Amino acid sequence: MALDLDIWTVEKLSDYFGGRPDVANVTLREAIDKYTEEKLVEVVEYAKANSPFYAEKIGESAFAEIPFTTADELREREKDFLCVSPSQISRIVTLQTSGTTGKPKRVYFTEEDQQLTVDHFNHGMRLIADSTDKVLILMPALSEGSLGLLLGQGIRDMGAQAIEYGLPDKKDMEKILQLIRDEGVTSVVASPTHMIALARQAEKEMANGAEEIYLRSVLLSGEFIPDNTALMLEDVFQCMVFEHYGMTEMGLGCAVTCGYSRGHHIREADLYIELINPLTGEVVPETEGRNTPGFSNYGEIVFTTLTRKGMPFIRYRTGDFSRWVLTDCPCGSSLKMLDKVVPGDGRMDKERNGE
């Protein structure tokens, strides 16, 4: 459940504050806000001191006045983003936006940065599975540090079993269904496209008398997720369907649903999210109070990494859109929530290196 994310957040904040008396009697929401305020100052100073790109871009600006960072800037000046020496980089992910013939984006990770991703997967997957589950991962898993392998490591860290299949081909669906039956797979992580293909093959086989397949849960990621896709998968596999939003620049993870509402709980210990008017650059205001009925207005998702060392991102425009969910989640989590994300060009990035 999403409270596992809250517990993880409490642990990270406790390590950060170290028993400071000024946070001894505050709520978790108040502690997160204070942590975020301080970490934003830290990441700005760190980036100014170590990144040629950000030293130039930030200058003496206060955080709210720092110009937005764009994907084009990353394409043109990737090495100027770096805050560590090349020898400290353990993984470089190359991203080519679909339909773009220009330079790809390259995102750099230190070993510490990748461990942050593993930790996120470890705790985020607790919303979807537990130690009794066997999770099939239909994500890139060919090279060290790829998404599927990091996810598999995080799943094993929570005590569950993981099978890193890699990215499937359409002709693989029959083989994958047999693998699910033979191995007793209870949960699957996949893109909507691959999961729909799997469901259609399952329907075809079951119509011809094959053994039915029941899953405990499915996590969809990597693409826009239409509501009817989730309903179809729930019907075919009799499972709960969860949705994840993230991109490589975020460290592969940002927010995940908990099953109690359509809200995506944000990884607030590692990311600060803003929503902006894409034309004016003005921040879409959050309505005061978590219990305000309804939703705030849509805006483009802009994020700042709070804990990345190799290549931090400050006020990075994703091209994706969402709105704040302002009501408390029935799960009881204190973390902020985004509504379902409407994809822009940021969601079309495909990992070309190390699939």
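Look up: the structure comes first, before these words.
Cut-offs used in this document
- Residues numbered from 1 in each chain as written.
- Predicted model: local features only at pLDDT ≥ 70, side-chain atom pairs only at ≥ 80, totals over all residues.
- Heavy atoms only, no water.
- Helix = DSSP H or I, 4+ residues; strand = E, 2+ residues; numbered from the N terminus.
- Rg over C-alpha atoms; globule rule 2.2 N^0.38 Å.
- Buried < 20%, exposed > 50% of the residue type's maximum accessible area, 1.4 Å probe, protein only.
- Contact = heavy atoms within 4.5 Å.
- Areas by Shrake-Rupley, 256 points an atom, 1.4 Å probe, with all protein chains shown as cover.
- Lys, Arg positive; Asp, Glu negative; His and termini not counted.
- Charge placed at Lys NZ, Arg CZ, Asp CG, Glu CD.
- Phe/Tyr/Trp six-rings, centres within 6.5 Å; stacked < 30°, edge-to-face > 60°.
- Lys NZ or Arg CZ within 6 Å of the ring centre and 35° of its normal.
- Pairing = 2+ DSSP bridges.
- Axes fitted to C-alpha atoms, helices over the stretch in contact; angles between N-to-C directions.
- Parallel < 35°, antiparallel > 145°, perpendicular 65-115°, else oblique.
- Nonpolar A, V, L, I, M, F, W, Y, C, P; charged D, E, K, R; others polar.
- Right-handed = clockwise from strand over helix to strand, strands pointing away.

### Describing the overall build of the chain
Thinking step 1. When its secondary structure is counted, the chain shows 9 helices and 15 strands.
Thinking step 2. Against the 2.2 N^0.38 benchmark of 20 Å for 355 residues, the chain shows a C-alpha radius of gyration of 20 Å, consistent with a compact globule.
Thinking step 3. For the chain, the spread of C-alpha atoms along the three principal axes comes to 70 × 45 × 40 Å.
Thinking step 4. Relative to its 355 residues, the chain shows a buried fraction of 55%.
Thinking step 5. Nonlocal contacts in the chain, meaning residues at least 24 apart in sequence, comprise 68% of its contacts between residues at least 6 apart.
Thinking step 6. Roughly 15400 Å² of accessible area belongs to the chain as shown, and the carbon and sulfur atoms make up 50% of that amount.
Thinking step 7. Within the chain, the 57 negative side-chain charges are centred at a point lying 4 Å from the centre of the 37 positive side-chain charges.

### So, the packing of aromatic side chains
Thinking step 1. Tallied over the entire structure, the rule returns 10 aromatic pairs.
Thinking step 2. On the basis of an interplanar angle of 85° and a centroid distance of 5.0 Å, the ring pair of Y16 and Y35 is categorised as edge-to-face. Of the two residues, Y16 sits in helix α1 (residues 3–17) while Y35 sits in helix α2 (residues 28–50), which places them 19 residues apart along the sequence.
Thinking step 3. Plain terms: the ring middles of F303 and Y316 are 5.4 Å apart, the flat faces sit at 55° to each other, and that makes the pair tilted. Of the two residues, F303 is situated in strand β11 (residues 299–305) and Y316 in strand β12 (residues 316–322); the sequence distance between them amounts to 13 residues.
Thinking step 4. Taking relative accessible area as the criterion, F303 reaches 0% and is therefore assigned buried.
Thinking step 5. In this structure Y316 comes out as buried when scored by relative accessible area, which is 1%.
Thinking step 6. By way of ring pairs, the aromatic residues F53, Y54, F81, F303, F313 and Y316 are connected into one cluster.
Thinking step 7. Lying across the ring of W324, K336 places its NZ or CZ 5.6 Å from the centre.

### Examining the sheet that holds strand β10 (residues 271–276)
Consider a sheet: its strands pair through backbone hydrogen bonds, and that pairing is either parallel or antiparallel.
Thinking step 1. Taking strand neighbours across the sheet as the criterion, the 3 strands line up as β10-β11-β12 in an open arrangement whose pairing is antiparallel. Strands with a single pairing partner mark the edges of an open sheet, and in this sheet they are β10 and β12. Recorded for the sheet is a direction-independent mean angle of 35° between the axes of neighbouring strands.
Thinking step 2. Note that β10 and β11 share 6 bridges and pair antiparallel. Bridge assignment links L271 to a residue of β11, and that residue is T305.

### Some thoughts on unusual backbone geometry
Excluding glycine, a negative phi dihedral is what most residues carry, and trans is how most peptide bonds are arranged.
Thinking step 1. Backbone geometry places Q238, a non-glycine residue, at a positive phi of 55°.
Thinking step 2. Even without a glycine there, the phi angle at R315 is positive, about 50°.
Thinking step 3. Summarising the element assignment, R315 is placed in the loop between β11 and β12.
Thinking step 4. Accessibility expressed as a relative area gives 3% for R315, which makes it buried.

### With respect to the packing of helix α7 (residues 173–183) against helix α8 (residues 192–207)
Thinking step 1. In contact at an axis separation of 9 Å, α7 and α8 are set at 75° when each is read in the N-to-C sense. Judged on the interaxial angle alone, α8 and α7 are roughly perpendicular. Together, M173, E174, I176, L177, I180 and R181 of α7 and H194, A197, L198, Q201, A202 and E205 of α8 make up the contact between the two elements.
Thinking step 2. Residues belonging to the contact of α7 with α8 are distributed by class as follows: 7 nonpolar, 2 polar and 3 charged.

### Overview of the pairing of strand β4 (residues 161–164)
Looking along a regular strand, one sees the side chains alternate between the two faces of the sheet.
Thinking step 1. Bridge count between strand β3 (residues 134–137) and β4: 4 bridges; the pairing is parallel. Across the sheet, the residue bridging to I137 is E164, located in β4.
Thinking step 2. Tracing the backbone out of β3, into helix α6 (residues 147–157) and back to the parallel element β4 gives a crossover that is right-handed.

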